[in-house]
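# Structure assessment
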Amino acid sequence: MSENFPKQPEEKPAEPEKEKPESGMLAEGERVDSFVKLVETSLRLSFKEIIVNGTENLELIPPNRRVIFAPTHLSDSDVPLTISAVGKRFHVAVGDASTHHKFSENTPAWLANQITGPENFYPIKHQKDEKGVERGSINPEDFETMQKPLEERKAMILAAYFKGGHGWELPSKGGYGAVYLAEIANALIVPVAVNIKSKEQVGMGGGGALKTLLKRPNAEVNIGKPLDLPKIEGMERMAEILKKKKTTKLSTEEVQEFHRLSKALREHSDTLMEHLANLLPKEKQGPWKAEDERKTDKDML
């Protein structure tokens, strides 16, 4: 006597894993990076309200393009506010000062990196001059390292310029770092302007953190449209020339090439600064105000 056993349901073949977007945008069902949540929690203690404008511009980023978010650096909170704003939509990594990676050079920043995860931060060479003022410099090796997170399908967050001592408005010159990285990594740049609503400068690290905690200002994070800057021919030579410059005198041809590449990077940096200025209120635009507005300011003097 035979028994009839019910047929076992056929196993469905496993669905192929969806390829992550090159841009670093979170795929459906993916969770926000844990370090982004930690950054957001700390910001909630320092700011009363954080408003993010321009999220619709994130939809303009093609999934097959790498992306660099280049925020302002009016305060030490600009980068963390950018991490919080875009980290809800993208896997991110951050470029920061090399001094933040040394306990002896910047203890508060070092502690913050340790808490949120040092693996999420990529150092950019900074050093203090004879007056103790921190200065940034372009070191191609730093930016070669930053290509790793981009290859791992993360977006990079890299301030558009080094903060310096220019107060509560944009400086007269932007930095090379973000535009150089975009050039060698074939990435889009998204300008992000942070506007902390306070007449006096707050949002600073170190001793200024207490001032921010007591004041708890509101902040706006304004996300601009992605920029696809023109390719600079021969930019791969920049790293070679800078490396040679450290040990050997450059030839006349190499000096000319260096100046050509530097000028092209400066033009890209100026373009980025102009877009950042357009995302800020007039009183924070500094020398990047529209020409007619600068004339009006002179007429008032």
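Residues numbered from 1 in each chain as written. Predicted model: local features only at pLDDT ≥ 70, side-chain atom pairs only at ≥ 80, totals over all residues. Heavy atoms only, no water.

## Focus: the packing of aromatic side chains
For clarity, the threshold we go by: Pairing of aromatic side chains here covers Phe, Tyr and the six-membered ring of Trp, requires ring centres within 6.5 Å, and sorts the geometry by plane angle: under 30 degrees stacked, over 60 edge-to-face, intermediate tilted. Only DSSP runs of H or I covering at least 4 residues are called helices, and only runs of E covering at least 2 are called strands; the numbering of each starts at the N terminus. Buried means the residue's accessible area, taken with a 1.4 Å probe over protein chains only, is under 20% of the maximum for its type, while exposed means over 50%, and partly exposed covers the values in between. Note on geometry: a ring has a charge over it if NZ (lysine) or CZ (arginine) is within 6 Å of the ring centre and within 35 degrees of the ring normal.
According to the stated counting rule, one finds three aromatic pairs in the structure shown. Aromatic pair F143 and Y180: ring centres 5.6 Å apart, planes at 80°, arrangement edge-to-face. With F143 in helix α4 (residues 140–145) and Y180 in helix α6 (residues 177–185), the pair connects residues that are 37 residues apart, well separated along the chain. No difference in accessibility class separates F143 from Y180, as the two residues are buried. Positioned above the aromatic ring of W168, the side-chain terminus of K284 is 4.1 Å from the ring centre.

## Details of the environment of A85
To keep it simple, the criterion reads: For this analysis, residues touch if any pair of their heavy atoms sits within 4.5 Å.
If you trace the backbone, A85 turns up in helix α2 (residues 78–86). A relative accessible area of 8% places A85 in the buried class. Measuring from C-alpha to C-alpha, the distance between A85 and T55 comes to 8.7 Å, with 30 residues separating the pair along the chain. What A85 contacts, discounting residues up to four positions off in sequence, is V52 and V221.

## Focus: the side chain of Q147
Assignment of secondary structure puts Q147 in helix α5 (residues 147–151). Apart from the residues within four sequence positions on either side, Q147 is in contact with R66, L181, I184 and A185.

## Digging into the confidence of the model for the protein chain
The condition that has to hold: What pLDDT conveys is the predictor's confidence in a given residue, as a value from 0 to 100.
Taken residue by residue, the protein chain gives an average pLDDT of 83. The fraction at 70 or more is 76%. Helix α10 (residues 291–299) is the least confidently modelled element of the protein chain, averaging 44 in pLDDT, while strand β2 (residues 66–71) averages 98, the highest of any element. Contacts from residues 294–301, a stretch scored under 50 in pLDDT, to residues over four places away or in other chains number four contacts.

## Some words on the sheet that holds strand β8 (residues 187–197)
Going by this rule: In short, DSSP must find at least two bridges between two strands for them to pair. Working convention: axes come from line fits to C-alpha atoms, limited for helices to the stretch in contact. Angles between N-to-C directions cover 0 to 180 degrees.
The seven strands are arranged β1-β9-β8-β2-β7-β3-β4 in an open sheet whose pairing can be described as mixed. Looking at strand neighbours, the two that pair on one side only are β1 (50–53) and β4 (121–124), the edges of this open sheet. Adjacent strand axes in the sheet meet at a mean angle of 25° when their direction is disregarded. Examined bridge by bridge, strand β3 (residues 92–97) and β4 share four bridges and lie parallel to one another. For A97, the partnering residue across the bridge sits in β4 and is I124. Its contacts with the sheet place α2 against β1, β2, β3, β7 (155–157), β8 and β9 (218–223), and it is angled at close to 115° to β8.

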